[in-house]
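Each chain, letter by letter, is given below.
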Amino acid sequence: MNSNRHLFILELVPMGPSSISTQQLQQTLIERGFKLSSRMLQRDLQSLHEQGCFGLEKDTRSKPYGWSINAQWRGNHSKVMSSEVAEHYLLLEQLLPQSIPNEIKQSVQLKAEQALKRFNGYVPDWLSTLPKPSLKVNIDSQLVAQIEHAIKHKRAVSAELYRVLYDEAHWLKFTELSFYNLVEQGGVLMVQFMVGQLHDKCYQMPVYRIRNVQVLQKTRREPTAEQLKSLRSAINKGMTQSAIELIVKVPSHSAVNQGFIELGELTDKQHINDKSVLLTYQTIDTEQLNDELFKCAHWLEVIKPERIRKRIITKLKAATTNYL
């Protein structure tokens, strides 16, 4: 997506007076797993520069041109941010897609918090009246058709999978995958598959975390009964975790309230005041849920259940001890 690519570019441009050339920026993007032609990168930079709302500046005094972010624009003091820039950040937070990497989400959320201070905690009227995005993930019907075709005709495929490695999110290219089943789990369409010719484990992944599928003229691998049993065991283990009613207090402008971070099935929403919302979810008490709640603990408060609240408090106390 363009917004995803633009955010990567802006995050890599240094703050003035330092600068970076198009060639240097392209090489850095490649190292981060983001392949982009020099022509497309130049168009992106020029477009972001002409919009005038991201602090991007171009030094044309010598070639190659240098790109930088205006030091005042990126400053941490909230008074530096203009109302126009603040509105752009608040809008950007609302428009972030669900599949965007957590690092980018957190970066935008921090800027959005700073932007909200620019308006004394109140979202501008034209932003607060925007329709709320759907909580459902949009599935590419063409992608699903390709996967179904590969399964039906027992063909191997190549594809890119969305993976998090060492706390960084990447789209990784896999030269050979064997898709053998499509299932729906918790309202999410999942594909089951094997990797390569030597790896014996079966995997399951949401379809929306797969892209650029190419059907190969090669017969896929077929999982054994033992491999299928192992996958079912792993899935059932995750599903047998205890169901809970989760109640959290979050800022009205937060990604959780806007639906970009899903904590379960949303069953109730109560507006406490202009700044805060109480959200109730039906969900499963898993390690992944606890990790997500802890990552958001600087702006999200768990009200219920008490055991999860105590877990987060214990972690926060331990973290505080480490940094004292």
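Here, every reference points to the structure presented above.
Caption draft 1: Focus on the packing of aromatic side chains. A full pass over the atoms with the stated rule returns three aromatic pairs. Note on F193 and Y203: the rings are 5.8 Å apart at their centroids and 25 degrees apart in plane angle, and the pair reads as stacked. One end of the pair, F193, is in strand β5 (residues 188-195); the other, Y203, is in strand β6 (residues 202-206), with 10 residues separating them in the sequence. Using a relative accessible area of 28% as the deciding quantity, one classes Y203 as partly exposed. One aromatic cluster is present, built from ring pairs that chain together F179, F193 and Y203. Taking the ring centre of F294 as reference, the NZ or CZ of K315 above it sits at 5.2 Å.

Caption draft 2: Here's a closer look at the environment of I247. Looking at where I247 falls in the secondary structure, it is placed in strand β8 (residues 243-251). Residue classification places I247 among the buried positions, given a relative accessible area of 15%. Separated by 55 residues in the primary sequence, I247 and V302 place their C-alpha atoms 6.2 Å from one another. Leaving out residues up to four positions away in the same chain, I247 has contacts with L278, L279, T280, E301, V302, I303 and K304.

Caption draft 3: Highlighting the pairing of strand β2 (residues 66-69). In β2, alternate side chains face the same way, and those of G66 and S68 on one face and W67 and I69 on the other are all buried. Looking at chain direction, strand β1 (residues 56-59) and β2 are connected through four bridges and run antiparallel. Of the residues in β2, the one forming a bridge with K58 is W67. In this antiparallel pair of consecutive strands, β1 and β2, the connection spans six residues.

How each quantity is defined
- Residues numbered from 1 in each chain as written.
- Predicted model: local features only at pLDDT ≥ 70, side-chain atom pairs only at ≥ 80, totals over all residues.
- Heavy atoms only, no water.
- Phe/Tyr/Trp six-rings, centres within 6.5 Å; stacked < 30°, edge-to-face > 60°.
- Helix = DSSP H or I, 4+ residues; strand = E, 2+ residues; numbered from the N terminus.
- Buried < 20%, exposed > 50% of the residue type's maximum accessible area, 1.4 Å probe, protein only.
- Lys NZ or Arg CZ within 6 Å of the ring centre and 35° of its normal.
- Contact = heavy atoms within 4.5 Å.
- Pairing = 2+ DSSP bridges.

Geometry only, nothing functional implied.
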